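Given next are the chains, with one letter for each unit.
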Amino acid sequence: MKKIILFLTCFFTALAAFAADRIVVLSPSGCEILFAIGAGDKIAARTDFCNFPMEAENIKSVGGFDGKTLSIETIVSYEPDLVYGSKGMHDFLKESCDQFGIELFLSSADSVQDVFDEISLMGTKTGCEKNAEKLVSEMKAGFEKLQKKTAKLSDKKRKSVYWETWNAPFMSVGSTSFINELIHISGGKNIFADITDQAYPMVSEESILARNPQVIILPFGDISEVSNRNGWQYLSAVKNKKIYNVNDDIFSRPGPRILEAAETLSELLK
C-alpha cells in the first residue's frame, strides 16, 4: 500500500510539473472553464468570441472562431504549450500543432457529465485540480437539487419544447445534444428527441407545426416574428404566449454556466 501511495504521489507531482502555463484558447466554453477553475492567468491568447468573463476581453485575440479567420502562425507566435479548441471546428490544427510540439485539446462535450469530465481534465492540465474539483462538486449538487424537482414528472406533465437553433433553414436539437439533456433535467421534453443521429438537425416547418410545442425557446430571433409566421398562430406555445428569448452564450456553451441555463429553463417551463 505504501508503495502505491508513493507511486501516486510521484505521478501527480510529475504531472503538475508539466502543467500548461501558456494556453491559446479557441473555444468560448473552454475560456469560461479556465477562468472558473482559476487558470485564467494562463491564457496567452483567445478568440474574439471568448468574451466571458469580462476579464477575458483584456487578453489579446488571435481572431475569429473558425478556421477561415485563424492562422497557425498567429497561434504559434504566442508560444503556447496548449491549444484548447473544439472538435469539428479546430481539427485542422492537429498536424501543425504536432509539428510545433504543441499539445492540442479539442472539446467534444455532448452531455452534462462530459462537461464535468472536461472541467476535471482542465484542472489536471493546468495544476488547478482542487479548484476544478470544487466547481464540479458544486455543479453536481445544483443539478441533483434540480433533478429532485423534475425526476418524478410523468411524460404527460412535461411541457413539450421546440428549441430553435436557427430558422433559415429551420434547425433544432436532437437527442445527442447536451441541450436535449438540459431540457429533460429542467422538466421539459424536446419535440425532436427522436432524432438520434444529429445533435443539431435541420427540421421542416411542417414537422414543427405537427408536433405543436407548448413552449418555444429562442437563443436567436424575435418573439413577434415567430408569432406572425404563417400557421404558427395555432401552436399552443403561441396561443399561450410561451415563447422565450434566452441568452445563447449561457445556453449554447458546454461549460460552467450550464447549471444556470438549466435553472433558468426550469423556471420558464413552470
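What comes next is a walk through the structure. (Residues numbered from 1 in each chain as written. Predicted model: local features only at pLDDT ≥ 70, side-chain atom pairs only at ≥ 80, totals over all residues. Heavy atoms only, no water.)

**Structural notes on the sheet that holds strand 10 (residues 243–245)**
A sheet is described by the order of its strands in space; here 4 strands give the open sequence 8-5-9-10, paired in parallel fashion. The open sheet has two free edges, formed respectively by strand 8 (188–190) and strand 10, since each of these has just one partner strand. Averaged over all adjacent pairs, the angle separating strand axes in this sheet is 30 degrees, with direction ignored. Taken together, the 3 bridges between strand 5 (residues 159–163) and strand 9 (residues 215–218) define a ladder with parallel strand orientation. For Val161, the partnering residue across the bridge sits in strand 9 and is Val215. Each of strand 5 and strand 8 touches helix 7 (residues 178–185); the most contacted strand, strand 8, lies at about 150 degrees to it. (Pairing = 2+ DSSP bridges. Helix = DSSP H or I, 4+ residues; strand = E, 2+ residues; numbered from the N terminus. Axes fitted to C-alpha atoms, helices over the stretch in contact; angles between N-to-C directions. Contact = heavy atoms within 4.5 Å.)

**Comments concerning the pattern of salt bridges**
A complete count under the given rule lists 12 salt bridges for this structure. A salt bridge links Lys125 to Glu103; the nearest nitrogen and oxygen atoms lie 2.3 Å apart. Taken as a pair, Lys125 in helix 5 (residues 112–126) and Glu103 in strand 4 (residues 103–107) lie far apart in primary sequence, 22 residues in all. (Salt bridge = Lys/Arg side-chain N within 4 Å of Asp/Glu carboxyl O.)

**Some details on helix 5**
Under the 1.5 Å per step criterion, the end-to-end length of helix 5 is 21 Å for 15 residues, consistent within 8% with the ideal 21 Å. Restricting attention to buried positions, one finds in helix 5 the residues Val112, Val115, Phe116, Glu118, Ile119, Met122, Gly123, Lys125 and Thr126. Count one or two residues on from helix 5 and you reach Gly127, which has phi positive near 75 degrees. (Expected span 1.5 Å × (residues − 1). Buried < 20%, exposed > 50% of the residue type's maximum accessible area, 1.4 Å probe, protein only.)

**Quick word on unusual backbone geometry**
Between Phe52 and the following residue, Pro53, the backbone shows a cis peptide bond with an omega angle of 0 degrees. Mapping Pro53 onto the fold places it in the loop between strand 2 (43–45) and helix 3 (72–77). Each neighbour pair has its own omega, and for Ala168 with Pro169 the value is 5 degrees, a cis peptide bond. Within the fold, Pro169 resides in the loop between strand 6 (166–167) and strand 7 (170–171). With a phi angle near 50 degrees, Glu79 is a residue other than glycine that sits in the positive phi range. Along the chain, Glu79 turns up in the loop between helix 3 and strand 3 (82–86). The class for Glu79 is exposed, based on a relative accessible area of 62%. Even without being glycine, Asn212 reaches a positive phi, approximately 45 degrees. One can find Asn212 in the loop between helix 8 (205–211) and strand 9.

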